[in-house]
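Results of the structural survey
Residue strings, one per chain:
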Amino acid sequence: MEDPDKKTEVVLLACGSFNPITNMHLRLFELAKDYLHETGKYKVIKGIISPVGDAYKKKGLISANHRVTMAKLATENLDWVEVDDWESSQSEWLETLKVLRYHHQKLLSPDTTNSLQSVTPLTKPGRKRKQEPHRHNPIKKKNQSPDVKSVPEVKLLCGSDVLESFGIPNLWKSEDIAEIVENHGLVCISRAGNSVQKFIYESDILWRHKNNIHLVEEWITNDISSTKIRRALRRGQSIRYLVPDVVQAYIEKNNLYSPESEDRNAGVVLAPLQKHASDSKN
C-alpha cells in the first residue's frame, strides 16, 4: 500500500481574470484535487485563486477590487480554496511564472513581504527522501545533491485554453513556459476528446516535460465561461446557477457588467503582448 507520509503535498494555483468568477472556476479545483488524489502520489493541501491585476489591460476587464471581492465571496464557505490579492495589487502586470515563484517562496518563508525582490527562480527538487518533520530545506542548485521535498509543490491549475495559449506568439516567453512545466508543473482540465495531447506533442518544450503535465478529462461537460456570463448580463438574461448566488447578488448590487464595461481597454494591446513584443525588438 502507498505510504501516506510519502505523498507529495501540492498547492493548486489558478491565475486568470475571474471576470467574474463562475461555478466552473470552482469546479476546476475539485476536478484537479480528485485526479491528483487518485494517482496515490499527491495530497492537495490548498487551492489559491489569484486574479490578475488591472494592468493586464484585457478588454472588458473590470476593477481588480470587484473581481477579488467576488472571488472571496465565492470561496468564503470553502475550507481549502482561498483568494490571494498579491498579484492583483501590483501596479504592473506580472508574468504567471512570477506569481508561481512568489507562492513557492511564501511556502518557504511564510513571512515573505509583498515584494517582487523575494520572487526567485525555483530549482527543480530531487526525489523525496526521509527527513525531519517540519524541516524546510533551502532550494538547492542543480549541481548539488537533491534534498527532501519538505515544501509543497505549487502547480498551475488551468483549462486547456491556457495550455494552448502557449502557442500564441509573444503571449508567453519560451523560457517561462519551460520553467513553469519543469519546476512547477501543470494540472490542465480538458474536455473529453479535446486536442490538448496533440498540442503537447507538437511542442518540443511541453513534450520534454510531458510527465509534469497532468491532463484531467472533464467527463461532466460544463461550458460556463466568464465571457458568456458577461454577455448574458448585457442582454438582461439570468445567470442564476452559473455563478454562486453571493456573486450574482454582488454583481446586481454594483451593476458591474454593461456594454460600457465591455468596452473597457478596447483597442489597447494586451500587457504581455506589449511587453514581449518590445523585448523581442531589443
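A brief structural summary. As the structure is a prediction and not an experimental result, all values here were calculated from the model.

Evaluation of the coordinates by the stated rule reveals 12 salt bridges. Note that K46 and E82 form a salt bridge whose closest N and O atoms lie 3.6 Å from each other. Taken together, the residues span a long stretch of sequence, with K46 in strand β2 (residues 42–51) and E82 in strand β3 (residues 81–83) at a distance of 36 residues. Under the relative-accessibility criterion, K46 is labelled partly exposed at 24%. Where R67 meets D54, a salt bridge forms, and the shortest distance between an N and an O atom there is 3.2 Å. Taken together, the residues R67 in helix α2 (residues 64–75) and D54 in the loop between β2 and α2 connect sequence positions 13 residues apart. According to the relative accessible area criterion, R67 is buried, its value standing at 0%. A residue is classified by how much of its surface remains accessible, and D54, at 32% relative accessible area, is partly exposed. A cluster of three or more residues bridged by salt bridges with shared partners is formed by E95, K98, K173 and K275.

Moving on: the packing of aromatic side chains. One pass over the full model with this rule turns up 4 aromatic pairs. Ring centres of W86 and Y102 lie 3.8 Å apart, and the angle between their planes is 5 degrees; this geometry places the pair in the stacked category. One end of the pair, W86, is in the loop between β3 and α3 (96–108); the other, Y102, is in helix α3, and 16 residues separate them in sequence. Using a relative accessible area of 2% as the deciding quantity, one classes W86 as buried. You can call Y102 buried: its relative accessible area is 2%. Ring geometry for Y201 and W207: centres 5.6 Å apart, planes at 90 degrees, overall edge-to-face. Residue W207 is classed as partly exposed on the basis of its relative accessible area of 40%. The aromatic ring of W80 is capped on one face by K33, whose charged end is 4.4 Å from the ring centroid.

The subject of this paragraph is the environment of L242. Within the secondary structure, L242 sits in the loop between α8 (226–234) and α9 (245–254). For L242, a relative accessible area of 29% corresponds to the partly exposed category. For the pair L242 and D223, spaced 19 residues apart in the sequence, the C-alpha separation amounts to 9.9 Å. Among residues more than four places away in sequence, those in contact with L242 are T22, N23, I224 and I229.

The biggest cluster of nonpolar side chains holds 38 residues, and the ones touching the most others in it are L12, I21, F29, I49, M70, L157 and I251. For this core, the secondary structure elements donating two or more residues are β1 (8–16), α1 (23–38), β2, α2, β3, β5 (186–191), α8 and α9. Look past the residues within four positions of I49 in its chain and what remains in contact with it is A14, F18, I21, L26, F29, A71, T75, V81, E82, V83 and D84. Ranked by size, the runner-up nonpolar core spans 32 residues in total, among them V52, L171, W172 and L186.

For the rest of this paragraph, the subject is the layout of surface pockets. There is about 1,300 Å³ of room inside the largest pocket. With 4 residues, the top contributor of residues to the lining of the largest pocket is strand β4 (residues 153–159). By residue class, the composition of the lining of the largest pocket is 22 nonpolar, 15 polar and 11 charged.

So, how was this worked out
Residues numbered from 1 in each chain as written. Predicted model: local features only at pLDDT ≥ 70, side-chain atom pairs only at ≥ 80, totals over all residues. Heavy atoms only, no water. Salt bridge = Lys/Arg side-chain N within 4 Å of Asp/Glu carboxyl O. Helix = DSSP H or I, 4+ residues; strand = E, 2+ residues; numbered from the N terminus. Buried < 20%, exposed > 50% of the residue type's maximum accessible area, 1.4 Å probe, protein only. Phe/Tyr/Trp six-rings, centres within 6.5 Å; stacked < 30°, edge-to-face > 60°. Lys NZ or Arg CZ within 6 Å of the ring centre and 35° of its normal. Contact = heavy atoms within 4.5 Å. Core = buried A, V, L, I, M, F, W, Y, C linked by side-chain atoms within 4.5 Å. 1 Å grid on protein atoms, 1.4 Å probe; cavity = no way out; pocket = protein on both sides within 12 Å on 5 of 7 lines; lining within 4 Å. Points joined across faces, edges and corners; volume = space filled by probe spheres on them. Nonpolar A, V, L, I, M, F, W, Y, C, P; charged D, E, K, R; others polar.

Treat this as a map of the structure, not an account of what it does.
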